[in-house]
Amino acid sequence: VSQSRYTRYNPAFAPVDFIRNTLSYSGVLSAEFGPMTAAKLISEVATMMVTEGAVHKTARYSVAYANGDTATLRKLEKDNPYYQDLKRYFEKGGRVAYMQALSYKDNMEGILKNVDKNGFLVAKEGVDKILDAYLDMFELSTRIAAYRVIKDKYRADGKTEEEAEVEAAAKAKNLANLKLS
């Protein structure tokens, strides 16, 4: 069984991987910053999912960002802390964050190209794009939770807001790459 078949075609994979990433990131953060930071990450993920609708908001923001839809972005960011953190992560996260947004946009465009006039997917590529977008929403949501917790930790340690944002974005981007963490 190929890796993509296990991950892409298994709808349970994204939420399970979301939990696995949360626990893995917690372990990395615990080793670097102590167990309280790991506990804060787990709490942040739970809060984001239950009270903020993180996965849906991540998808919505990624599409607007990739499309350069500044009016929608401003509207989303105006009074919503989750969207404001997405903005900072995308700004400070550089190419990796931007590429995640473009990937999501490309997946959504690929879906539309493979839908017939009745709204049915007519090609395997369309299904692949839907499933890839689904996976990306969960992955980026986990990184936003990590970004928030790390930024708060850096601020508590006396870093400026700018330093905390830049360093937290870099750390969150690299959490899955244990060689760089």
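Quantities reported herein were computed from a predicted structural model and do not represent experimental measurements.

Definitions and limits used
Residues numbered from 1 in each chain as written. Predicted model: local features only at pLDDT ≥ 70, side-chain atom pairs only at ≥ 80, totals over all residues. Heavy atoms only, no water. Core = buried A, V, L, I, M, F, W, Y, C linked by side-chain atoms within 4.5 Å. Buried < 20%, exposed > 50% of the residue type's maximum accessible area, 1.4 Å probe, protein only. Helix = DSSP H or I, 4+ residues; strand = E, 2+ residues; numbered from the N terminus. Contact = heavy atoms within 4.5 Å. Axes fitted to C-alpha atoms, helices over the stretch in contact; angles between N-to-C directions. Left-handed = near helix turned anticlockwise from the far one by under 90°. Nonpolar A, V, L, I, M, F, W, Y, C, P; charged D, E, K, R; others polar. Phe/Tyr/Trp six-rings, centres within 6.5 Å; stacked < 30°, edge-to-face > 60°. Lys NZ or Arg CZ within 6 Å of the ring centre and 35° of its normal. Salt bridge = Lys/Arg side-chain N within 4 Å of Asp/Glu carboxyl O. Expected span 1.5 Å × (residues − 1).

Of all hydrophobic cores here, the largest spans 38 residues; its most connected members are L41 and Y89. At the level of secondary structure, the elements contributing two or more residues to this core comprise α2 (13-33), α3 (35-52), α4 (54-67), α5 (70-77), α6 (81-113), α7 (124-156) and α8 (161-174). Element by element, the count of residues in this core is highest for α7, at eleven residues. The contacts of L41, once residues within four sequence positions are left out, are T22, Y25, S26, L29, A145, A146 and V149.

We now examine the packing of α4 against α5. Relative orientation of the contacting elements α4 and α5 amounts to 145°, with a least axis distance of 8 Å. As for how α4 packs across α5, the hand of that crossing is left-handed. Across the interface between the two elements, R60, Y61, A64 and Y65 of α4 pack against T72, L73, L76 and E77 of α5. For the contact of α4 with α5, a count of residues per class yields five nonpolar, one polar and two charged.

Under the criterion given, the structure shown has six aromatic pairs. An angle of 70° between the planes, with centres 5.7 Å apart, marks the rings of F18 and F138 as edge-to-face. One end of the pair, F18, is in helix α2; the other, F138, is in helix α7, and 120 residues separate them in sequence. There is no split in this pair, since F18 and F138 are both buried. For the ring pair Y61 and Y83, a centre distance of 6.1 Å and an interplane angle of 25° mean the geometry is stacked. Of this pair, Y61 sits in helix α4 while Y83 sits in helix α6; the two residues are 22 residues apart in sequence, bridging distant segments of the chain. Judged on exposure class, the residue Y61 and its partner Y83 are both buried. Among the aromatic residues, those joined into a ring-pair cluster are Y61, Y83, Y89, F90 and Y147. Above the ring of Y154, the side-chain terminus of K159 is found at 5.4 Å from the ring centroid.

A word on the pattern of salt bridges. The full count for this structure, using the stated rule, is 16 salt bridges. Across the salt bridge formed by E32 and K171, the nearest N and O atoms sit 2.4 Å from each other. With a gap of 139 residues between them, E32 in helix α2 and K171 in helix α8 connect regions that are remote in the sequence. Overall, the relative accessible area of 11% leaves K171 in the buried class. A salt bridge links K92 to E162, with the nearest nitrogen and oxygen atoms 3.0 Å apart. Linking K92 in helix α6 with E162 in helix α8, this pair joins segments that are 70 residues apart in sequence. Assessed through its relative accessible area of 23%, K92 is described here as partly exposed. Classification of E162 by relative accessible area gives partly exposed; the value is 43%.

Our next topic: α2. Relative to the 30 Å expected for 21 residues at 1.5 Å per residue, α2 spans 29 Å between its end C-alpha atoms, a close match to the ideal helical length. Taken together, the buried positions of α2 are F13, A14, D17, F18, N21, T22, Y25, S26, V28, L29 and F33. Immediately beyond the C-terminal end of α2, within one or two residues, lies G34, with a positive phi of roughly 110°.

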